[in-house]
Amino acid sequence: MNTPMPRLGMGTWHLAEGRHPETQEIAALRAGLDAGITLIDTAEMYADGRAESLVGRAIAGYDRSRLFIVSKVYPHNAGRRHLRRSLEASLKRLGTDYLDMYLLHWRGSVPLAETVECMEQAKDDGLIRNWGVSNFDTNDMRELFATPGGEACAVNQDLYHLGSRGVEYDLLPWMDAHGLPLMAYCPLAQAGTLRRGLLESPAVRTVASDHGVEPIQVLLAFVLHRPDTIAIPCSGNAEHVRANLQARDLKLSADELALLDQAFPAPTSKQPLDME
Ligand SMILES: NC(=O)c1ccc[n+]([C@@H]2O[C@H](COP(=O)([O-])OP(=O)(O)OC[C@H]3O[C@@H](n4cnc5c(N)ncnc54)[C@H](OP(=O)(O)O)[C@@H]3O)[C@@H](O)[C@H]2O)c1
């Protein structure tokens, strides 16, 4: 990788969908940029391209060379016929001439070899710096790495939070052994809604009160305690973005990790890959 990936980024799923006023969402992304969060994760899918356009408006005027922009191609666009067109449309909406990272959003019917070829071509042409995948499980990663050029994959973006630790069973050990970072999506379990009782759990609350932080910040600190892991929480609220940045520097002790582990243990057998 030419550019090391920042540990913390900002997601954009469900932005530009009217949940918050657009000016507030742009202000939230800019609050993150101003505070030094340089990675933004988006996708052609999000709000039918409107999330990318929103990001384009948010980053206008910032030094592009200091930003790390990630976008994703739909599986049905990830072949010779469509990838270049999708990529160029994403670049146009984002108002930039390259992506730092371009991900295959999930596996579809286009052969991996064809997607790899298109990604490598886009890289050679200077339109992307690196490429990766998303929602790939261990067997998908093995198949990708057995595909010519597939080891150039620079990241796998998967769902990972304290209440969903299936990837720890065999995917993360495989990725660690191959030096492949995890980009964790839904690191806040979508504000706790993906796992009942997560934010209310005595373990999470105890750790939070010991550090004088909110339980949701403990969720983020848990994801980030793993080396080689990037987290991309999403928020359309500037205060929340700042709270997420604060959580990046929260160090959990071995005792605190043990407490969280006891309440939400990692599975001891293979689980289907959790997805949103
Ligand atoms: N590759 C994939 O298939 C895939 C799938 C899902 C997501 N993603 C990516 O990962 C990103 C993150 O996942 P996600 O957005 O689904 O879930 P998430 O980041 O776990 O949670 C987002 C929710 O948490 C709230 N929130 C954020 N910070 C908060 C804070 N400090 N205090 C209280 N609430 C807070 C947000 O509301 P407010 O806006 O009110 O703060 C929002 O409702 C996405 O935006 C997207 O970029 C990728």
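- If you look the protein chain up in an unreviewed UniProt entry, it shows as Aldo/keto reductase from Bifidobacterium felsineum.

## Description of the site of the ligand
Okay, step 1: Surrounding the ligand, one finds 28 residues, the nearest of these being Asp41, Ser134, Gln157, Ser235 and His240.
Okay, step 2: Between the ligand and the protein, one listed contact pairs an oxygen atom with a side-chain N or O atom of His20 at 3.0 Å.
Okay, step 3: Within the complex, 88% of the 900 Å² of free accessible area of the ligand lies under protein.
Okay, step 4: Considering every element that reaches the shell around the ligand, the biggest residue donor is helix α9 (residues 238-248), with three residues.
Okay, step 5: A class-by-class count of the residues in the shell around the ligand yields 13 nonpolar, 13 polar and two charged.

## Here's the deal with the state of the cysteines
Okay, step 1: Applying the stated criterion to the full structure yields zero disulfides.
Okay, step 2: Cys234 provides the cysteine sulfur closest to Cys186, a residue in no disulfide bond, and the two sulfurs are 9.6 Å apart.

## A short note on the nonpolar core
Okay, step 1: Membership of the largest hydrophobic core comes to 75 residues, with the highest contact counts inside it found for Met141, Leu144 and Leu260.
Okay, step 2: In terms of residue count, helix α8 (residues 215-224) provides more of this core than any other element does, seven residues in total.
Okay, step 3: Contact partners of Leu144, with chain neighbours within four places excluded, come to Leu112, Val116, Trp131, Val133, Phe136, Gly150 and Cys153.
Okay, step 4: In terms of nonpolar packing, the next biggest core, distinct from the first, is built from 14 residues, Leu39, Met101, Val155 and Leu159 among them.

## Some points on the UniProt feature "binding site: substrate" (unreviewed entry) in the protein chain
Okay, step 1: Here, the residues flagged by UniProt with the feature "binding site: substrate" (unreviewed entry) are His105.
Okay, step 2: By relative accessible area, which is 7% here, His105 ends up buried.
Okay, step 3: Those residues within four positions of His105 in sequence are excluded, and the remaining contacts are Ala43, Met45, Tyr46, Lys72, Val73, Pro75, Ser134 and Asn135.

## A word on the side chain of Thr138
Okay, step 1: Along the chain, Thr138 turns up in helix α5 (residues 138-145).
Okay, step 2: Here the side chain of Thr138 touches Asp170 through a polar contact of 3.0 Å, side chain to side chain.
Okay, step 3: With residues near it in sequence (within four places) discarded, Thr138 still touches Asp170, Leu171, Trp174 and Lys270.

## Some words on the packing of helix α2 (residues 50-59) against helix α3 (residues 83-94)
Okay, step 1: Packing of α2 against α3 leaves a shortest axis separation of 7 Å and a crossing angle of 40 degrees. Judged by the inter-axis angle, α2 sits oblique to α3. Contacts between α2 and α3 involve Glu52, Ser53, Val55, Gly56 and Ile59 on the former and, on the latter, Ser90, Arg93 and Leu94.
Okay, step 2: The class makeup of the residues in the contact of α2 with α3 is three nonpolar, three polar and two charged.

## Notes on the packing of α8 against α9
Okay, step 1: α9 packs onto α8 with a crossing angle of 45 degrees between their chain directions and a minimal axis gap of 8 Å. It follows that α8 is oblique to α9 by the angle criterion. Handedness of the α8/α9 crossing: right-handed. The segment α8 lies against α9, with Gln217, Leu220, Ala221 and Leu224 engaging Ala243, Asn244, Gln246, Ala247 and Arg248.
Okay, step 2: Residue composition of the contact of α8 with α9, grouped by class: five nonpolar, three polar and one charged.

## Quick word on helix α7 (residues 202-211)
Okay, step 1: When α7 is considered as a whole, its buried residues turn out to be Ala203, Val204, Val207 and Ala208. Down the axis of α7, the buried set is contained in an arc of 130 degrees. They therefore lie on one face. Turned more than 90 degrees away from the buried face of α7 sit Pro202, Ser209 and Asp210, all of them exposed.
Okay, step 2: Buried residues belonging to α7 abut α8 and α10 (254-263).
Okay, step 3: Phi turns positive one or two residues past the end of α7, at Gly212, with a value near 70 degrees.

Parameters and conventions
Residues numbered from 1 in each chain as written. Predicted model: local features only at pLDDT ≥ 70, side-chain atom pairs only at ≥ 80, totals over all residues. Heavy atoms only, no water. Near = heavy atom within 4 Å. Polar contact = N/O pair within 3.5 Å; in protein donor to acceptor, adjacent residues only side chain to side chain. Areas by Shrake-Rupley, 256 points an atom, 1.4 Å probe, with all protein chains shown as cover. Helix = DSSP H or I, 4+ residues; strand = E, 2+ residues; numbered from the N terminus. Nonpolar A, V, L, I, M, F, W, Y, C, P; charged D, E, K, R; others polar. Disulfide = S-S within 2.5 Å. Core = buried A, V, L, I, M, F, W, Y, C linked by side-chain atoms within 4.5 Å. Buried < 20%, exposed > 50% of the residue type's maximum accessible area, 1.4 Å probe, protein only. Contact = heavy atoms within 4.5 Å. UniProt positions renumbered as here; feature names shortened; annotations may be inferred. Axes fitted to C-alpha atoms, helices over the stretch in contact; angles between N-to-C directions. Parallel < 35°, antiparallel > 145°, perpendicular 65-115°, else oblique. Left-handed = near helix turned anticlockwise from the far one by under 90°. Arc of directions from axis to C-beta.

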